[in-house]
Amino acid sequence: MDIHITLHGRRDLTGQIYAQLRAGIIEGRLAANARLPSTRDLAVQLGVSRKTALDVFERLIAEGFLRTRAGDGTFVADGLARLPSVRPEPVSARARATGIWRRMPERMTMPMPPAHETLDCDFKGGATDKTLFPYDAWRRCLNQALRMQARTGGGMASYRDPGGEQELRLGIARYLAFSRAVVCNWQDVLVTQGAQQALDLLARVVIQPGDVVAVEEPGYPPARALFAALGARIAQVPVDGEGIIVKKLPRNTRLVYVTPSHQFPLGMPMSLDRRVGLLEWAAKRGAVIVEDDYDGEFRFEGRPVESLKSLDRAGLVAYVGTFSKTLFPDLRLGYVVPPATLSEPLRNAKQVCDWHSCMLTQTALGAFMLNGEYAKHLRRMHKWYAERRAVLIARLTGDLAPWFEPLPATAGIHLVARLAAPWREDDVVAAARGVGRDLRHSRVLCRPADAARRAARLWRHERRGDRARHDAARGAHAEAARLALDRRLPCRTKGFAAGFFFK
Ligand SMILES: Cc1ncc(COP(=O)(O)O)c(C=O)c1O
């Protein structure tokens, strides 16, 4: 191992080397049990005598910072990791993030799962059931991709096409034409790092700081956060049972972000009438529509509704898809089929941002799609999720009906239930967590002002009653929630999230 030590002049060489090695150990840059070079090598590396190196090691060994193992070498001692750093990080007011990143409210980003937490039933969104993934088939595709990687480029490793690997783009184009009625060529598909990067690239090429971007309210916080981070003025447009309310869109909207197959988070599909209305509105105003079809592959009732992309006659719809819900989110693969006019700018934006997505996983996924494994996996998952969904809905509309009211959703792998009893959402989420079930909190899904208003209204109701009765009622509600969630909601519903909203 080479150790970076800087010597200033030739005075007190032992002291200089000793101080730097000691600081490296205390600050954790030299990890516990790391092997040090021999005194001979260290002396050569630093251009000092062997005796100087020996003196330094002896002193550090005597102080317990280093230890020797006969015939094996010298190592950093164990148990020093807990020592506090002696050198505080320098802080400069000038190395500051810009305002938007300093002010980014917590609700804008999705909560990360606490480390090492084991929940026996996880209802929160953003997760798929990995235990049902066909790892053997995936391994074969990865091996095939590795062999292909070794063969390409005549032995030279090089950058790849920013648009993505051809096999994967072909697999996606065929899948979209067959399953989602989105007809495109493989060249029209741009592979991204999940849907989130597709939104990022689209926003980069379409909007300028100060432009108005309309999002659904309630809606998908990471999309809203992204557009805001790029300097857009966010217009939160309410949704009703048919989707975004088109007549509430600001006239000067440059980009509209919608989730028409399965409104996030409420779950209803956008009605055909509303789809046509949105397309007509966008054509009149020249606004770009971003259609996020994040989990529409899982449709459980009714006939498929046409995607906005397939109805688009004005060339204004960018169709965004992801493998986060059908495979798993940590794969970080998604795609966009943009209007033709945006193809080249998007490809350039992708290249500027990260050149291209990982070739290995792209090639493996391309093979997985083209050899029929993806379709097989989707069929299997559809069956599983349909069963779990049926169990969850049966309980929510059956013995849990006094407490919860599920909102109608025909597609997707989560559903939302309103609280039918006058509970505080915090109590329910906490009670659920207490018995190992994680529920998505509505606070992350709607504007804090809305959540605060609802909470304030509830508090006013509660304050009117006498305090003791109110406390007893709250305790009873929390207990009821605990019992309901403990005994009655089956663990097999993993993969579905139930968000809760105030009445
Ligand atoms: C509305 C919506 N869009 C997209 C995604 C997936 O994003 P990504 O592909 O970046 O993982 C999710 C995941 O929960 C989502 O809820």
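This section reports on the structure supplied with the text. (Residues numbered from 1 in each chain as written. Predicted model: local features only at pLDDT ≥ 70, side-chain atom pairs only at ≥ 80, totals over all residues.)

## Overview of the sheet that holds strand β3 (residues 73–76)
Then, in step 1: Taking strand neighbours across the sheet as the criterion, the three strands line up as β1-β3-β2 in an open arrangement whose pairing is antiparallel. Every interior strand has two partners, whereas the edge strands, β1 (35–36) and β2 (66–69), have only one.
Then, in step 2: In this sheet, β3 lies alongside β2 in antiparallel orientation, the contact comprising four bridges. Counterpart to R67 in the pairing with β3 is F75.
Then, in step 3: Each of β2 and β3 touches helix α3 (residues 50–62); the most contacted strand, β2, lies at about 105° to it. (Pairing = 2+ DSSP bridges. Helix = DSSP H or I, 4+ residues; strand = E, 2+ residues; numbered from the N terminus. Contact = placed C-beta atoms within 7 Å. Axes fitted to C-alpha atoms, helices over the stretch in contact; angles between N-to-C directions.)

## Quick word on helix α11 (residues 340–354)
Then, in step 1: Here α11 is 15 residues long and its end C-alpha atoms lie 22 Å apart, about the 21 Å a rise of 1.5 Å per residue gives.
Then, in step 2: Taken residue by residue, α11 has L342, L346, R347 and K350 as its buried positions.
Then, in step 3: Summarising the contacts, the buried residues of α11 are in contact with β5 (190–192), α7 (194–206), β11 (317–322) and β12 (334–337).
Then, in step 4: W355 sits one or two positions beyond α11 and adopts a positive phi of about 70°. (Expected span 1.5 Å × (residues − 1). Buried ≥ 20, exposed ≤ 12 C-beta atoms within 10 Å, placed from the backbone.)

## Some words on the site of the ligand
Then, in step 1: The immediate surroundings of the ligand are formed by 14 residues, with G194, A195, Q196, T322 and S324 found nearest.
Then, in step 2: Partitioning the shell around the ligand into residue classes produces five nonpolar, eight polar and one charged. (Near = placed C-beta within 6 Å. Nonpolar A, V, L, I, M, F, W, Y, C, P; charged D, E, K, R; others polar.)

## Things to note about the nonpolar core
Then, in step 1: The biggest cluster of nonpolar side chains holds 80 residues, and the ones touching the most others in it are L199, L202, L255, I289, V290, A318 and V336.
Then, in step 2: Of all the elements, α7 adds the most residues to this core, at seven residues.
Then, in step 3: Counting the residues that make up this core, at least three belong to each of domain 2 (106–130 + 378–501) and domain 3 (131–375).
Then, in step 4: Counting residues in hydrophobic clusters, the runner-up holds 14 residues, among them L36, L42, F57 and L60. (Core = buried A, V, L, I, M, F, W, Y, C linked by C-beta atoms within 7 Å. Domains from an automatic or database assignment.)

## Some words on the pairing of β11
Then, in step 1: Counting buried positions over the six residues of β11 gives six, a clear majority of the element.
Then, in step 2: Side-chain alternation along β11 places V317, Y319 and G321 on one buried face and A318, V320 and T322 on a second face that is also buried.
Then, in step 3: Across four bridges, the pairing between strand β10 (residues 288–292) and β11 is parallel. By the bridge assignment for β11, E291 is matched with Y319.
Then, in step 4: Across four bridges, β11 lies against β12 in antiparallel orientation. When the sheet's bridge partners are listed, T322 is paired in β12 with G334.

## Topic: the sheet that holds β12
Then, in step 1: Overall, mixed pairing links the eight strands, which are arranged β5-β12-β11-β10-β9-β6-β7-β8 in an open sheet. Each having just a single partner strand, β5 and β8 (243–244) make up the two edges of the open sheet.
Then, in step 2: α7 contacts β5, β9 (253–258), β10, β11 and β12 of the sheet and is inclined by roughly 40° relative to β12.

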